[in-house]
Amino acid sequence: MGSPWKPLLLLSIISGLAELARSVAGRPVSYAAVLRMKPDSSSSSLLRPRLRSRQDHSSFSQDWSPFSRQRLSALSSQEDYRSEESEEFGPVFIQEPDDAIFALDSEDKKVMMSCEARGNPAPTYSWLINGTDVDVEADFRYSLIDGNLIINNASEAIDFGRYQCRAENSIGAVLSREALLQFAYLGVFGTRARGGVSVREGQGVVLMCTPPPHSPEIIYSWVFNEFPSFVAEDSRRFISQETGNLYISKVQPSDVGSYICLVKNTVTNARVLSPPTPLTLKTDGVMGEYEPKIEVHFPPTVLAAKGVTVRLECFALGNPVPTITWRKINGNIPKKARLRKSQAVLEIPNIQLEDSGSYECKAENSRGGTAFRGHLQVYTMPQWISMINDSQLDSGEQLQWECRATGKPRPTYRWLRNGEPLTPQNRVEMLNGELIIHRVQQADSGMYQCVAENKYGAIYSSAELKILASAPMFNSNTVTIIATMGKDISLECRPRASPKPRITWKKGERRVQANRRIMLLRNNTLRVVNSSRADEGSYVCRAENQFGSAEMTTTLLVKEAMKVELSPKRVEVTVGESVVLSCKATHDPSLDVNFLWLLNNQPLNAQQDGGHFEYIRTQSSTADLMIRSILLKHAGKYGCRVQTSADTVLAEAELLVRGPPGPPGVVIVEEITDTTATLSWSHGVDNHSPITTYNLQARSPFSLGWQTVKTDPEPVTGDMESAMAVELNPWVEYEFRVVATNSIGTGDPSAPSRAVRTKEAVPSVAPANVSGGNGRRHELVISWEPVSEEFQNGEGFGYIVAFRANGTRGWKEKMVTSADSTTYKYRDETFPPLTPFEVKVGVYNNKGDGPFSKVVTVFSAEGEPREAPTEVKVSAMSSSEIKVTWKAPSPGPGRPEGYEVSYWKDMEQEESGKKKKTVGNETVILLSGLDGNTAYLITVKGFNSIGQGPPSASVRATTKKNPPSQPPSNVMWIQEGNNVSLSWDPVKAMENESDVIGYKVLLRQEGRGHSQVMRTPNSAAVLVLPEGGTYIIEVRAVSEGGEGAASSQIRVLTSSGVRAKSGQLSVHSLPSNLAWTPLLLVLMVPSAPW
């Protein structure tokens, strides 16, 4: 059935195209060109418009619109659209029936064959089966819903076959492609028991399946003894999907049992099992070896459609088990081919024409071999190369259509008119896909189809032929033309008519006669040469054919010719200057005049050029163009085009802009040495100012962008096109470019040359900053800054390190082959620490040795510390801190640069401990974060940049007990003015805590981090507070193990003349969970100032 949205979509398309048609001057076109959709091959598509063409047999035919004789498309010929939506057109398929397979055991006993077409009037539908009409009225099993054919209680005996849909309206009829309706079913095996099969061991056997009736294809498998134990296929066992039989090339005792053939329908998935076939072994001996015998193979001729997957089977019986091999005669097996089932199946996917040929399978064992050969033929259904398109002709013209298709075998062609075969007649010729109808008549109108077919299928191309007949008609009956004296004038006469009308011209009441100034052209245009005032008047074109006549009147007015002057005609300016071009027109005062400025024949848009252009209209007949801050791109030919309704005149002026030169031409490196490059280039444009000099620039991986290079000669004058760049670095990759300069400035650079590398040379730069020192004992460490790749001058770059002890004569030289090396170490057990050496570092590459650096003095290493620190002493400062002191080792080589202190618990390994370092000459350190009442072992060793020295003997120290965990409690206070008296209950230490030796009272002003500390041995204290502030007070117990927990904080506000006692307050002491307790003086002394 048709979808409800499709009419809405069509109306939307039509509306859009109508707007497009109205926006284009010209003749309207029919909506039929939009509504028709061309089917591709034999199927329809909404996305491909069916083209309406008009065949061209006359050089004048293009003048007789709307029946244009040129091929049209729905979008390219808006002039031929008609605004009436009601134009009639023949049926065009939207959906054609497809091949279908109907399962007979389906619960829904209905089959639907789909068909839908569009046309105006709306098409009616009928169906054919195997070329015979389906009588829907007479057979109650058939019904039509829109174009769809519904078959109730479908049966294979009656309804199997090929179906075609016929769509028809008053224009004509078309046939759809054929669709094959098949039925899927699977019968059952007979219940009769199957006889057993008995063979000798080693003998081959074939177990027959003999499948029941079925459609379409089925898949075979075999069950061994009981379901679901399936027979596994291998080189010895094979199930043919062609015959369904099970082949065992060499029977073994394990094969004895019961075999059941299982078949499955590929459409319905129905399965049925055959009765069992017993397989037993004879007892009269074992089968001896014998040569292979091919029991199953592909047919001698295999036909396959292009694009499908082809499977060729080949399996043999034999003892020993045969090996299967494949080959293609006179060719190679396609690379995409795969061997399946132990090479018993050759599978070729996506078969193509080039895969055709003879294939051979060969079965071999130790007793011999045999082969089978067959031919694979690939066929293709027809496919369109060119199709026919709608045509509309005048009565009496000739129709010529041609359709072409490919296929294998080569397609043949036949033609249908309104669904019926078209046969050759007096006026009708058909040959190899070409249809010619001479002197077409109204009776020839209708729907035509070209059918291309071979034995594997047929495809249909449809088109409508319309024979036209209409009286002449003009788009407009009156036209006014204004011309200028002396010009040639063309008065057109292009009516719409079919057949072509007779044309006559009159001026006033007199018929126009051709003379030397007035000519009637073959397209019926009246041409007046060298017009004058005498040619003014009304000209009438009359068109007439057998269906009627029409007239069009053209009024001709002749005016004086217009003159235009643009000044100055030629002007030269320099970049940055400004100029005004003035355009003045002399014209007939009755005509309005319009100005258009052009630059190099293109319209000038002042708004898009950054304010450089300004239009100035001083008078109705004068227009100026101001060009400000001129650029080089503004040079060119300026045009002032002046237009009236009578004529158009163009005046031009040339603007030359002087500026810096343009970029020189391609830079070529003619010759390259180690330090020079000879370059050549071609002159660029000088922009109307001679080039004075050229500047050569180079860029390398080591430069910061482009750098000017020295040249020979110096300078490079503007008349030169070659120069040498000098003082380049050897073995460096360079690009070169050239920049030109004239009296106005320097222009843009040329494009870079190709990258070239200068030739190699001996290094010329020695390493810098040669120094040394450090290292391990008996080592001489020499260091330097590496030479940049820019100055290595060639491959194989390295360093020569030379050194000798002070006072000796001979130099020792060592080669360092890495160009990135920065150090060299020389070890000699014989020289003592801090021995002075004279050192120099040279360079070399494959070209030779380069210079050495200046000689410097470098001392050999003094080595890591050699002695351990002495007099290591430790003392516990608290429960978490131990102070460690030591004495530095005696002065000498291997001086420490710092010390490392290692500490670990007495009961643990040293490796689990921690380390802490000092820097410089410090010989004391405080270890913190320790556990209370815990024994630690401590060692000290020196270190420097070379390494670490030996550690001291370990020293044992025990931290003090932890401080009391309980804070001071029951804190009470009395405040009098700025004096605060505190008291609290004494803190008693627990057995594992340090004894209390006093208390610490901490006082700080609110909002500040600094605290004042007061120590007292008693559980009371008196504090004097500064005036005017809020203070926080807390108390801690003090022991050898450190400070205990803090009491709750007290918040006190100070103000002179106020006395407060805690006993007078509602709270006499701080509760342990109260963090902040403000003293509210206002409750005690209401008159106290704040």
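In case you missed it, the structure is sitting above this.
Structure report, in brief. (Residues numbered from 1 in each chain as written. Predicted model: local features only at pLDDT ≥ 70, side-chain atom pairs only at ≥ 80, totals over all residues. Heavy atoms only, no water.)

### Some points on the overall build of the protein chain
Moving on, step 1. Of regular secondary structure, the protein chain possesses 4 helices and 90 strands.
Moving on, step 2. Every one of the 1090 residues in the protein chain was classed for burial, and the buried ones make up 45%.
Moving on, step 3. Counting only contacts in the protein chain whose residues sit at least 6 apart along the sequence, the fraction spanning at least 24 positions is 65%. (Helix = DSSP H or I, 4+ residues; strand = E, 2+ residues; numbered from the N terminus. Buried < 20%, exposed > 50% of the residue type's maximum accessible area, 1.4 Å probe, protein only. Contact = heavy atoms within 4.5 Å.)

### Comments concerning empty space enclosed by the protein
Moving on, step 1. This model, assessed by the stated rule, comprises 2 cavities of 30 Å³ or more.
Moving on, step 2. Lining the second largest cavity, in full, are L598, N600, N601, K637, Y638, G639 and E652.
Moving on, step 3. The element that contributes the greatest number of residues to the lining of the second largest cavity is strand β56 (residues 636–643), accounting for 3 residues.
Moving on, step 4. Grouping the constituent residues of the lining of the second largest cavity by class yields 2 nonpolar, 3 polar and 2 charged. (1 Å grid on protein atoms, 1.4 Å probe; cavity = no way out; pocket = protein on both sides within 12 Å on 5 of 7 lines; lining within 4 Å. Points joined across faces, edges and corners; volume = space filled by probe spheres on them. Nonpolar A, V, L, I, M, F, W, Y, C, P; charged D, E, K, R; others polar.)

### Digging into the environment of L728
Moving on, step 1. Take L728: it is sitting in the loop between β64 (722–725) and β65 (733–742).
Moving on, step 2. According to the relative accessible area criterion, L728 is buried, its value standing at 5%.
Moving on, step 3. Along the primary structure L728 and K710 are separated by 18 residues, whereas in three dimensions their C-alpha atoms are 8.8 Å apart.
Moving on, step 4. Ignoring sequence-local partners within four residues, the contact set of L728 consists of D674, T675, T676, A677, V709, Y734, F736 and T758.

### A short note on the sheet that holds strand β77 (residues 898–905)
Moving on, step 1. On the basis of which strands lie adjacent, the open sheet formed by 4 strands has the order β78-β77-β80-β81 and antiparallel pairing. At either end of the open sheet lies a strand with only one pairing partner, and these are β78 (914–919) and β81 (955–958). Pairs of neighbouring strands in the sheet enclose a mean axial angle of 30 degrees, with direction left out of account. (Pairing = 2+ DSSP bridges. Axes fitted to C-alpha atoms, helices over the stretch in contact; angles between N-to-C directions.)

### Focus on the pairing of strand β87 (residues 1029–1039)
Moving on, step 1. Among the 11 residues that make up β87, 10 are buried, leaving the element largely enclosed by the rest of the structure.
Moving on, step 2. With 9 bridges joining them, strand β84 (residues 996–1005) and β87 adopt antiparallel strand pairing. Within β87, the position partnered with R1004 by the bridge is I1032.
Moving on, step 3. Judged from the 5 bridges that link them, β87 and strand β89 (residues 1050–1054) form a sheet pairing that is antiparallel.

### Describing the sheet that holds strand β40 (residues 478–484)
Moving on, step 1. Here we have 5 strands laid out as an open sheet, ordered β40-β48-β47-β43-β44, and mixed in their pairing. Strands at the two margins of the open sheet, each flanked by one partner only, are β40 and β44 (510–511).
Moving on, step 2. Here strand β43 (residues 502–507) pairs with β44 via 2 bridges, running antiparallel. Looking across to β44, one finds that K507 is bridged to R510.

### So, the packing of aromatic side chains
Moving on, step 1. As enumerated under the stated definition, the model contains 21 aromatic pairs in all.
Moving on, step 2. For the ring pair Y379 and Y456, a centre distance of 3.4 Å and an interplane angle of 10 degrees mean the geometry is stacked. Taken together, the positions of Y379 in strand β29 (residues 368–386) and Y456 in the loop between β37 (446–454) and β38 (457–468) put the pair 77 residues apart, joining distant regions of the chain.
Moving on, step 3. Within the aromatic cluster, the residues linked to one another by ring pairs are F803, Y824, Y826, F831 and F837.
Moving on, step 4. Of note, R141 hangs over the ring of Y142, and the distance from its end group to the ring centre comes to 5.1 Å.
Moving on, step 5. Between R757 and the ring centre of W731, over which it is positioned, the NZ or CZ distance is 4.5 Å. (Phe/Tyr/Trp six-rings, centres within 6.5 Å; stacked < 30°, edge-to-face > 60°. Lys NZ or Arg CZ within 6 Å of the ring centre and 35° of its normal.)

### Examining the pairing of β29
Moving on, step 1. Strand direction decides the pairing type here: strand β23 (residues 301–305) and β29, joined by 5 bridges, are parallel. Across the sheet, the residue bridging to L303 is Q377, located in β29.
Moving on, step 2. Taken together, the 9 bridges between strand β28 (residues 357–365) and β29 define a ladder with antiparallel strand orientation. Residue pairing for β29: K362 is matched across the bridge by A371.
Moving on, step 3. Hairpin connection, β28 to β29: the antiparallel pair is bridged by 2 residues.
Moving on, step 4. Inspection of the sheet shows β29 paired to strand β32 (residues 404–408) by 4 bridges, in the antiparallel sense. Bridging across to β32, T380 finds its partner in K408.

### Considering the environment of W127
Moving on, step 1. With respect to the element layout, W127 can be found in strand β6 (residues 124–129).
Moving on, step 2. Put simply, W127 and N148 are 21 residues apart on the chain and 9.3 Å apart in space, counted from C-alpha to C-alpha.
Moving on, step 3. There is a polar contact of 3.1 Å between the side chain of W127 and the backbone oxygen of G147. (Polar contact = N/O pair within 3.5 Å; in protein donor to acceptor, adjacent residues only side chain to side chain.)

### What to know about the pattern of salt bridges
Moving on, step 1. Enumeration over the complete set of coordinates arrives at 40 salt bridges.
Moving on, step 2. Across the pair E492 and R494 runs a salt bridge, and its minimum N-O distance is 3.9 Å.
Moving on, step 3. Judged by its relative accessible area of 43%, E492 falls in the partly exposed class.
Moving on, step 4. Among the residues examined, R494 registers a relative accessible area of 37% and is labelled partly exposed.
Moving on, step 5. For E1006, the salt bridge identified is with R1051, shortest N-O distance 3.3 Å. Here R1051 lies in strand β89 and E1006 lies in the loop between β84 and β85 (1012–1016), a separation of 45 residues in the sequence.
Moving on, step 6. Take E1006: its relative accessible area is 37%, and that puts it in the partly exposed class. (Salt bridge = Lys/Arg side-chain N within 4 Å of Asp/Glu carboxyl O.)

### Here's the deal with the nonpolar core
Moving on, step 1. Within the largest apolar cluster, 28 residues are counted, with the highest numbers of intra-cluster contacts made by W597, Y638, V642 and L655.
Moving on, step 2. At the level of secondary structure, the elements contributing two or more residues to this core comprise β49 (563–567), β50 (570–574), β51 (579–586), β52 (594–599), β55 (622–627), β56 and β57 (648–658).
Moving on, step 3. Once residues within four sequence positions are removed from consideration, L655 is found in contact with V571, V573, V579, I627, I630, H634, A635, G636 and Y638.
Moving on, step 4. Residues C115, I129, L149 and I171 belong to the second largest nonpolar core, which totals 23 residues. (Core = buried A, V, L, I, M, F, W, Y, C linked by side-chain atoms within 4.5 Å.)

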